[in-house]
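Per-entry structural report
Residue strings, one per chain:
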Amino acid sequence: MPSRSLPLPLAVLAVLLSACTTPRETPVALGSGDGVASFAEVAERVTPGVVSISAHQIAPVSRQAFPFGAPQPGIRRGTGSGFVISGDGFILTNYHVIENATRVEVRFPAIDSVRVARVVGRDPETDLALLKVDDAGDLVPLMLGDSDQVRPGDWAIAVGNPHDFANTVTVGVISAHGRALGLSEATAAFENFMQTDAAINPGNSGGPLLNARGQVIGINTAMRAYAQNIGFATPVNTAKRVIEILKRDGRVRRGYLGITVADIDERFREAFELPSRDGVLVQSVEQGSPADRAGIRRGDVVLVVNGAAIGEPRELIDAVAYAGPGKRLELRVQRDGKEQKLTATTAERVSAVPDAPVPEQASQTPSNRMGVAVQPLTPELRRQLNLTTAGAGIVVTGVQPGSPADEAGLSPGDVVVEANGKPMTTVEALRQIVESTRRGRYLRLYVVRPAADAQTVSFYVVVRM
């Protein structure tokens with residue numbers, strides 16, 4: 001998948017999350033018998049739960065657009081990593097791995113199996129996404145750890161799919177906490193990365209970062225491109241906050257006050273004549289915002305929110321965001337040397353990333369007998385596919401592996417112009433023809449496939465139902 005751009009010289013890679021279920025912890029004894037530390041036991045235990053993710057999106061054909069190889073004409077393919085978090089088929093990965101994807105495939109290298117995944121939820125602010133695969137009886141979930149207990153110098157083990165090398169294991173340590181990288185406008189307020197020197201590369205995105213016990217402590221997300229093994233992972237405790245919300249709602253609705261705040265260092269303490277460095281300093285208040293209506297003013301020091309002491313900006317941001325919109329917050333602030341209590345009601349934080357359209361799959365699948373997802377050929381899709389030919393058609397947006405359509409050679413990005421000699425202008429028209437074709441008989445499709453340099457190739461495809 002196209003990597004998220006970092007302010008140069010940064011480039012996006014991978015993050016990791018941990019499991020919704022918590023399998024029984026099994027401590028791992030390091031050592032190979034000759035006094036040399038080994039992480040083989042951890043690797044053997046966790047690799048069955050680490051997956052490779054292939055995300056497809058319809059896009060104009062361009063040789064420069066395919067850094068990972070030679071995908072089928074008319075689509076862009078990107079790869080990343082992920083890991084199983086529960087035995088019923090939920091998988092955690094990065095949002096940027098599946099962003100704008102029309103089809104997501106998950107490969108389980110340990111069992112040599114590929115399954116199509118459904119995107120259950122997206123959270124651009126934490127760069128996390130939740131996937132779901134069916135027929136999940138043989139999946140191995142990873143165990144979630146506690147990233148708040150991780151210290152600089154602790155072991156860190158990254159497992160993922162860098163450069164399409166499945167189940168690559170690298171080892172290092174946690175180098176630091178609380179890194180902010182400015183990856184995007186969406187993530188800026190929520191970046192709180194762990195830094196590690198465990199080697200991560202393109203394709204590691206969304207894979208797990210583990211401790212020496214094999215517990216997930218982070219999700220690999222980004223790296224500094226021109227440095228020696230400086231990578232960044234989202235703390236797993238951040239993921240724990242959003243997983244159940246994504247399962248239930250598909251997205252995270254966050255609270256909003258409308259203030260900017262700063263940590264109180266010694267300079268601020270002296271300049272504002274504060275008795276201590278407790279709390280956070282209000283830098284600005286948006287006019288008409290919940291904070292403004294509550295009476296919060298610039299120069300105030302927020303000390304407590306709903307009974308919890310605030311020691312740094314991250315704690316205030318999380319307290320407000322995860323309270324959700326429409327929630328009443330009791331704040332204790334210090335102003336001009338005196339403390340006072342204020343009450344604010346949160347609004348909903350507006351994401352910098354618009355809600356992603358749900359891929360038109362199940363609702364616009366002509367028939368599961370054929371194994372395709374389709375949608376009408378709109379002017380926007382025509383532009384994306386770089387089609388110069390006139391006429392209507394139905395665009396293939398997904399193909400089920402092993403299905404009749406897959407065996408016949410249909411691909412995402414193909415445009416079905418005719419079915420059994422009849423022009424195809426609506427999804428319903430194709431559905432009726434598919435449903436009327438008897439079992440064992442052949443369905444004749446005339447297909448236009450985008451090719452390089454605004455050219456197309458046209459051909460018949462016969463699908464045995």
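Residues numbered from 1 in each chain as written. Predicted model: local features only at pLDDT ≥ 70, side-chain atom pairs only at ≥ 80, totals over all residues. Heavy atoms only, no water.

Description of the nonpolar core
The nonpolar side chains of soluble globular proteins are, as a tendency, buried together. Counting residues in each nonpolar core, the largest one holds 25 residues, and the members touching the most others are Phe-83, Ile-85, Leu-92, Leu-130, Leu-142, Leu-210 and Val-216. Elements with a contribution of two residues or more to this core: helix H1 (40-46), strand E4 (90-94), strand E7 (128-132), strand E9 (155-160), strand E13 (215-224) and helix H3 (236-249). The biggest single contributor to this core is H3, with six residues. For Leu-130, the contacting residues outside a window of four places in its chain are Ile-85, Phe-90, Ile-91, Leu-92, Arg-118, Val-119, Val-120, Gly-121, Ile-243, Leu-246 and Lys-247. The next biggest cluster of nonpolar side chains, apart from the first, holds 21 residues, and it includes Ala-419, Leu-443, Val-463 and Met-465. (Core = buried A, V, L, I, M, F, W, Y, C linked by side-chain atoms within 4.5 Å. Buried < 20%, exposed > 50% of the residue type's maximum accessible area, 1.4 Å probe, protein only. Helix = DSSP H or I, 4+ residues; strand = E, 2+ residues; numbered from the N terminus. Contact = heavy atoms within 4.5 Å.)

Section: helix H9 (residues 427-436)
Turning to H9, its buried residues number three or more, namely Val-427, Leu-430, Ile-433 and Val-434. Viewed end-on, H9 has its buried residues packed into an arc of 130 degrees, placing them on one side of the element. The inward-facing, buried residues of H9 contact strand E23 (372-376), strand E24 (394-399), strand E25 (415-419), strand E26 (422-423) and strand E27 (442-450). (Arc of directions from axis to C-beta.)

Remarks on unusual backbone geometry
Despite not being glycine, Asp-127 shows a phi value in the positive range, around 55 degrees. By the secondary structure assignment, Asp-127 is in the loop between strand E6 (113-123) and E7. Residue classification places Asp-127 among the buried residues on the basis of a relative accessible area of 2%. Even without a glycine there, the phi angle at Glu-273 is positive, about 50 degrees. With respect to the element layout, Glu-273 can be found in the loop between helix H4 (266-271) and strand E17 (280-285).

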